[in-house]
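# Fold and contact review
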Amino acid sequence: MEIIPLNCICTHNSPLSHNSPLSLSTFLPSPVFSFVPKALPFKTKSNTQLPARNPSKLLQIRANALQLSKTGNSSSSALEQLDIERGVCTPFRKYTPEGVRSKVLESSGAIVSLIQRGIEIVWNLGLYWAGLTYDCLVGRDQEVVPYRARQLRKLLCRLGPSFIKAGQVLANRPDIIREDYMNELCILQDDVPPFPNQIAFEIIEDELGQPLEAVFSRISSRTIAAASLGQVYRATLRSTGEDVAIKVLRPDIEPIIYRDLFLFRTLASFLNDISIQKLGCNAELIVDEFGEKLLEELDYTLEARNIEDFLENFKDDPTVKIPRVYKQFSGQRVLVMEWIDGIRCTDPQAIRESGIDLDAFLTVGVSAALRQLLEFGLFHGDPHPGNIFAMRDGRIAYVDFGNVAVLSQQNKQILIDAIVHAVNEDYVEMANDFTRLGFLAKETDVSPIVPALEAIWQNSLEKGMSEFNFRSVTGKFNQLVYNYPIRIPERFSLVIRSLLTQEGICLSLKPDFKFLEVAYPYVAKRLLTDPNPALRERLIQVLFKDGVFQWKRLENLIMLAKENVIRMSNTPAGNTQVNGQAARRLDLTETIKDGTRLFFIDEGIRRQLILALTEDSKLHIQELVDVYRLLEDQIDIPTVAVEVARDFPSMVRDILLSWSNSVLYD
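Residues numbered from 1 in each chain as written. Predicted model: local features only at pLDDT ≥ 70, side-chain atom pairs only at ≥ 80, totals over all residues. Heavy atoms only, no water.

### Considerations on the overall build of the protein chain
Helix and strand counts for the protein chain come out as 27 helices and 14 strands. Taken across its 666 residues, the protein chain has 52% of its residues classed as buried. Within the protein chain, residue pairs in contact and separated by at least 24 positions form 73% of the contacts whose partners lie at least 6 positions apart. (Helix = DSSP H or I, 4+ residues; strand = E, 2+ residues; numbered from the N terminus. Buried < 20%, exposed > 50% of the residue type's maximum accessible area, 1.4 Å probe, protein only. Contact = heavy atoms within 4.5 Å.)

This is the structure we're talking about:
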């Protein structure tokens, strides 16, 4: 990569000829795809008998959606539904349908521009649709799938930035588009042409309010990476000599995005009936999900905030590297970050040849991903190989935080519920978890879905942990999505993509890597050690099945949790803990304290534990001994005793309160 000394660059007073291709993507309105023949690229529902819904309720929902669209309140309704589904309230939004509308219509010549753009979109998509229809009529629809998929990708590129971005979204939406087309659209995530350096440097100067050479001593002559919304350069700060990455937003992109979003939502308002019938939600909701994330990515101040949140989350984790932000040089269109000096995961051979311990690095990566998902609820939404680095000391580093997703505490707890229900093989509750997470409409009868879920999970269990991989399970789940009225909420499509991508990175570095062999121990450790009361409740659900205490399950959890501690402490980065000490033991202090408290306070738990110890008319002393042997090297008995003693007054108070309440109740 050539580095240009900045005294050789002059962007002032230079004529600009912005002929660079625009590069986002329009959001093809997904509900339309739900009623085309299966031979076409877009997802259709099969003729399988759908779950029985309440007809009167469905009609009422459809009527409400139509009424809302007529009264102009549909926008707030769709956004409120998003908030309810996510379990969060968003006090400030970058995106609102009303804001998009006013932004588009306030400019001079807006109507003419909208008409011209609408004609361009309809003409190009109409020609493509006509080709698909002709393929079906002449019976060659299957044999031309590769050609039509490439044609769709090129069409989205021609239609501009909104459509490229929409193509990237569709590449992760099996509930909307077929898998063979999804694979082709994945190319849009990495192969986007850059815009000219001269324009980029002028944008940087405009944001800085001073010449480039005043801040940077040199800058790369070529882009390091080019994406749908911006591109990245490497530079050196003049004041400190530190290397930094400069991310620059594409020029004049915001008006194009706003115009296309306005057109998408206008079209979606006419498709609510079809969308509710086929996907269980109105079309505006899907456009709003897309628009909300897209406009957030147009503001680099929001990405800077995301980076700061990740830095805070991982501040005590020596195995993860997050670049710091130079806020004094950053703005809405420019983001200056610490340069990450590592090996991109796009080059597995270089990582293998660097001497990095692959097992340790992959363990660190899986643990970091699961912490984002299940612990923080804030996770990287686009962890493709170009955004993940292997540091030479064994750490994992992330870049590009424009696309992050948030899971509320409620969503995290439901996900853990789903894991517990899977462990307990409670498939009815697993199906209900899908409804609670927003995959199914609330009025949907889940009974036809239960056998399909059971078949998928049982098939995975039969293969065992060594053969398990997310891609095969996701493929089976895609078939379930294909046959039932399931909509994958945008945040969970990011979860699925994140897991699939990171599993793919693991397999590219080590083909025999077993994702679950790292994931299971992490989950076991969380269940055993996390002080969150909700997780304590889930632990009890796991340990009791049909009212019977599962001794073997407890032993397995302890062994898996110990394995996680050993794996993490054996990584080069994990050996350098805060205060110079590596955590080589399970910290079960809080678990023991809570367990003691529950035993004395909760009569139901106390009865179940006594029954567990005396099951089948015998004392289960051997089981207790086996559990103790597993834990004897993990527990510092004096420390635990001191902590329990400190908690004793509070415990006595709770016992007395519980006793008095029971007496008053009786």
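Don't stop here, the text continues.
### Describing the packing of helix 22 (residues 533-543) against helix 23 (residues 551-569)
How two helices sit against one another is set out by the angle between their axes and by the gap between those axes. One can describe the packing of helix 22 onto helix 23 by two numbers: an axis separation of 9 Å at closest approach and a directional angle of 130 degrees. Relative to helix 23, the element helix 22 is oriented oblique. The residues of helix 23 that touch helix 22, namely those facing Leu 539, Val 542 and Leu 543, are Arg 553, Leu 554 and Leu 557. Each residue belonging to the contact of helix 22 with helix 23 can be placed in one class, and the counts come to 5 nonpolar, no polar and 1 charged. (Axes fitted to C-alpha atoms, helices over the stretch in contact; angles between N-to-C directions. Parallel < 35°, antiparallel > 145°, perpendicular 65-115°, else oblique. Nonpolar A, V, L, I, M, F, W, Y, C, P; charged D, E, K, R; others polar.)

### Brief notes about the confidence of the model for the protein chain
Averaged over all residues, the pLDDT of the protein chain equals 76, while 79% of them reach at least 70. Low confidence marks residues 7-40, where pLDDT is under 50. Its contacts with residues over four positions away, or in another chain, come to 124 contacts. (pLDDT = per-residue confidence, 0-100.)

### Some words on the sheet that holds strand 6 (residues 320-321)
Taken in spatial order, the 4 strands of this open sheet run 6-11-10-8, and their pairing is mixed. Two strands close off the open sheet at either side, each with one partner strand: strand 6 and strand 8 (343-344). When strand 8 meets strand 10 (residues 388-390), the two strands line up antiparallel, connected through 2 bridges. Looking at the pairing, Ile 343 lines up with Ala 390 of strand 10. The strands that helix 15 (residues 358-376) touches are strand 6, strand 10 and strand 11 (396-398); relative to strand 11, the one it contacts most, it runs at about 45 degrees. (Pairing = 2+ DSSP bridges.)

### Some details on the environment of Arg 178
If you trace the backbone, Arg 178 turns up in the loop between helix 6 (161-170) and helix 7 (179-185). Overall, Arg 178 belongs to the buried group, its relative accessible area being 11%. Along the backbone, Arg 178 and Asn 478 are 300 residues apart, and their C-alpha atoms lie at a distance of 9.2 Å.

### Concerning unusual backbone geometry
Although it is not a glycine, Asp 252 adopts a positive phi angle of roughly 55 degrees. The residue Asp 252 is located in the loop between strand 5 (243-249) and helix 10 (254-269) in this model. Since its relative accessible area comes to 58%, Asp 252 is described here as exposed. One non-glycine residue, Asp 400, lies in positive phi territory at about 65 degrees. When you line up the elements, Asp 400 lands in the loop between strand 11 and strand 12 (404-406).

### Remarks on the side chain of Ser 498
You can see Ser 498 is positioned in helix 20 (residues 490-509). Given the relative accessible area of 7%, Ser 498 is considered buried. For Ser 498, the residues in contact, after removing those within four places along its chain, are His 380 and Pro 383.

### Section: the state of the cysteines
Applying the stated rule across the entire model yields 0 disulfides. In this model Cys 345 remains outside any disulfide bridge; the closest cysteine sulfur is found in Cys 506, 8.7 Å from its own. (Disulfide = S-S within 2.5 Å.)

### Things to note about a nonpolar patch on the surface
A cluster of nonpolar residues, Leu 105, Ile 111, Ile 115, Ile 119, Trp 123 and Leu 127, forms a patch on the protein surface that exposes about 640 Å² of accessible area. For the nonpolar patch, the leading source of residues is helix 4 (residues 110-138), giving 5 residues. Summarising the element assignment, Trp 123 is placed in helix 4. (Patch = residues over 30% accessible without salt bridge, like charges linked within 9 Å, V, L, I, M, F, W, Y side chains within 5 Å. Areas by Shrake-Rupley, 256 points an atom, 1.4 Å probe, with all protein chains shown as cover. Salt bridge = Lys/Arg side-chain N within 4 Å of Asp/Glu carboxyl O.)

### Some thoughts on the packing of aromatic side chains
Taken as a whole, this structure holds 8 aromatic pairs when the rule is applied. A centroid spacing of 6.5 Å and a plane angle of 55 degrees characterise the contact between Phe 216 and Phe 329, whose relative ring orientation is tilted. With Phe 216 in strand 2 (residues 216-220) and Phe 329 in the loop between strand 6 and strand 7 (334-338), the pair connects residues that are 113 residues apart, well separated along the chain. With relative accessibility at 0%, the residue Phe 216 sits in the buried group. Pairing Phe 434 with Phe 439 gives two aromatic rings, centres 5.2 Å apart and planes at 75 degrees, and the pair type is edge-to-face. By the burial criterion, Phe 434 is buried, and Phe 439 matches it. Joined through ring pairs, the aromatic side chains of Phe 163, Phe 264 and Phe 290 make up one cluster. For Lys 103, the ring lying beneath its charged end belongs to Tyr 258, and the centroid distance is 5.5 Å. (Phe/Tyr/Trp six-rings, centres within 6.5 Å; stacked < 30°, edge-to-face > 60°. Lys NZ or Arg CZ within 6 Å of the ring centre and 35° of its normal.)

### Topic: the pattern of salt bridges
Applying the stated criterion to the full structure yields 28 salt bridges. Across the pair Asp 288 and Arg 265 runs a salt bridge whose closest N-O atoms are separated by 2.7 Å. Of the two residues, Asp 288 sits in helix 12 (residues 283-297) while Arg 265 sits in helix 10, which places them 23 residues apart along the sequence. Residue classification places Asp 288 among the buried positions, given a relative accessible area of 0%. The class for Arg 265 is buried, based on a relative accessible area of 11%. Within the structure, one salt-bridge network assembled from shared partners comprises Arg 117, Glu 120, Arg 259 and Asp 260.

### Overview of helix 6
When you tally the buried positions in helix 6, you get 9 out of 10 residues, the bulk of the element. Looking only at helix 6, the buried set comprises Pro 161, Ser 162, Phe 163, Ile 164, Lys 165, Ala 166, Gly 167, Gln 168 and Leu 170. Of the surrounding secondary structure, the elements contacted by the buried residues of helix 6 are helix 4, helix 5 (145-159), helix 7, helix 10, helix 12 and helix 20.

### Brief notes about helix 16 (residues 409-423)
Spanning 15 residues, helix 16 covers 21 Å between terminal C-alpha atoms, matching the ideal 21 Å at 1.5 Å per step. Listed as buried for helix 16 are Asn 411, Lys 412, Ile 414, Leu 415, Ile 416, Asp 417, Val 420, His 421 and Ala 422. In the stretch just after helix 16, Glu 425 is the one whose phi turns positive, near 55 degrees. (Expected span 1.5 Å × (residues − 1).)

### Description of the packing of helix 15 against helix 23
At a minimum axis distance of 9 Å, the contact between helix 15 and helix 23 shows a crossing angle of 120 degrees. Judged on the interaxial angle alone, helix 23 and helix 15 are oblique. Of the two possible hands of crossing, helix 15 and helix 23 adopt the one that is left-handed. Side by side, helix 15 and helix 23 meet where Thr 363, Val 364 and Ser 367 of the first sit next to Asn 564, Arg 567 and Met 568 of the second. Here the contact of helix 15 with helix 23 is built from residues that sort into 2 nonpolar, 3 polar and 1 charged. (Left-handed = near helix turned anticlockwise from the far one by under 90°.)

### Details of the environment of Gly 355
Assignment of secondary structure puts Gly 355 in the loop between helix 14 (348-353) and helix 15. Placed 37 residues apart in sequence, Gly 355 and Arg 392 show a C-alpha to C-alpha distance of 8.1 Å.

### With respect to the environment of Asn 282
Positionally, Asn 282 belongs in the loop between helix 11 (272-279) and helix 12. Each C-alpha atom of the pair Asn 282 and Leu 271 lies 7.6 Å from the other, and the pair is 11 residues apart in sequence.

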